[in-house]
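Secondary and tertiary structure notes
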Amino acid sequence: VQLQASGGGLVQAGGSLRLSCVASGRTFSIYRMGWFRQAPGKEREFVAGITWRWSGGSTYYADSVKGRFTVSRDNAKNTVYLQMNSLKPEDTAVYYCAAAVRIYSDYDRADLYDYWGRGTLVTVSS
């Protein structure tokens, strides 16, 4: 599985961005897609996730982004999105999309994701 994220950029606080992640290769093997982020000097953290394999698409969010970010998917396009609204300077980070092929209940553990895309930088100015 290969992942390609895009959509990052510079935005003012309160603004919005939409990130996209296109999956290719053995996409039928994907169970869950996730978004993580890493700010300078900080560890990578979970942002949001969505079940990929079955209909319904359960979603999961970190407390810090609930109510502001929305994760969605378009299986026909092999794409997962992260709509980010009401952005804050503390949302500044490199954002990564990831794919998990193993079925685990722990959706926020980076070590349970098997494939990672190259990050896209989101900068929120105050």
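Below is a summary of the structure that appears in this document.

Rules used in this analysis
- Residues numbered from 1 in each chain as written.
- Predicted model: local features only at pLDDT ≥ 70, side-chain atom pairs only at ≥ 80, totals over all residues.
- Heavy atoms only, no water.
- Helix = DSSP H or I, 4+ residues; strand = E, 2+ residues; numbered from the N terminus.
- Rg over C-alpha atoms; globule rule 2.2 N^0.38 Å.
- Buried < 20%, exposed > 50% of the residue type's maximum accessible area, 1.4 Å probe, protein only.
- Contact = heavy atoms within 4.5 Å.
- Areas by Shrake-Rupley, 256 points an atom, 1.4 Å probe, with all protein chains shown as cover.
- Disulfide = S-S within 2.5 Å.
- Pairing = 2+ DSSP bridges.
- Axes fitted to C-alpha atoms, helices over the stretch in contact; angles between N-to-C directions.
- Phe/Tyr/Trp six-rings, centres within 6.5 Å; stacked < 30°, edge-to-face > 60°.
- Lys NZ or Arg CZ within 6 Å of the ring centre and 35° of its normal.
- Polar contact = N/O pair within 3.5 Å; in protein donor to acceptor, adjacent residues only side chain to side chain.

**Focus: the overall build of the protein**
Within the protein one finds zero helices and 11 strands. Overall, the protein shows an N-to-C arrangement of helices and strands of β-β-β-β-β-β-β-β-β-β-β. Rg of the C-alpha trace for the protein: 13 Å, near the compact-globule value of 14 Å for 126 residues, within the 12% margin. Across its three principal directions, the C-alpha atoms of the protein cover 40 × 25 × 25 Å. Burial statistics for the protein: of 126 residues in total, 44% are counted as buried. Restricting the contact set of the protein to residue pairs at least 6 apart, pairs at least 24 apart contribute 54%. By element, 46% of the accessible surface of the protein is carried by carbon and sulfur atoms, the whole surface being about 6,400 Å².

**Section: the state of the cysteines**
Per the stated rule, a full pass over the model turns up one disulfide. There is a disulfide in this structure between Cys21 and Cys97, and the S-S distance comes to 2.1 Å. Classification of the bridge connecting Cys21 and Cys97 rests on its S-S torsion, roughly 60 degrees, and on that basis the disulfide is right-handed. On the criterion of sequence distance, the pair formed by Cys21 in strand S3 (residues 17–24) and Cys97 in strand S9 (residues 93–100) is long-range, its members being 76 residues apart. Judged by its relative accessible area of 0%, Cys21 is buried. Judged by its relative accessible area of 0%, Cys97 is buried.

**Considerations on the sheet that holds strand S8 (residues 79–84)**
Spatially, S1-S3-S8-S7 is the arrangement adopted by the four strands of the open sheet, whose pairing is antiparallel. Each of the sheet's edge strands pairs with one partner strand only, and the pair in question is strand S1 (2–6) and strand S7 (69–74). When the angles between neighbouring strand axes are averaged without regard to direction, this sheet yields 15 degrees. Summarising the sheet, S3 and S8 pair through six bridges and their orientation is antiparallel. The residue bridging Cys21 from the neighbouring strand is Val80, located in S8.

**With respect to the packing of aromatic side chains**
Throughout the structure, instances matching the rule amount to six aromatic pairs. Between Phe36 and Trp116, the ring centres sit 5.0 Å apart and the planes meet at 55 degrees, which makes this aromatic pair tilted. On the criterion of sequence distance, the pair formed by Phe36 in strand S4 (residues 32–38) and Trp116 in strand S10 (residues 115–116) is long-range, its members being 80 residues apart. Of the residues examined, Trp116 reaches a relative accessible area of 28% and is grouped as partly exposed. Here the aromatic residues Phe36, Phe46, Tyr60, Tyr107, Tyr113 and Trp116 are joined through ring pairs into a cluster of three or more. Between the NZ or CZ atom of Arg44 and the centre of the ring of Tyr96, over which it lies, the distance is 3.9 Å. Across the ring face of Trp116, the terminal group of Arg44 is positioned such that the distance to the ring centre comes to 4.7 Å.

**Section: the side chain of Thr120**
With respect to the helices and strands, the residue Thr120 is situated in strand S11 (residues 120–125). Taking relative accessible area as the criterion, Thr120 reaches 9% and is therefore assigned buried. A polar atom in the side chain of Thr120 sits 3.0 Å from the backbone nitrogen of Gly8. Look past the residues within four positions of Thr120 in its chain and what remains in contact with it is Ala5, Ser6, Gly7, Gly8, Leu19, Ala93, Val94 and Tyr95.

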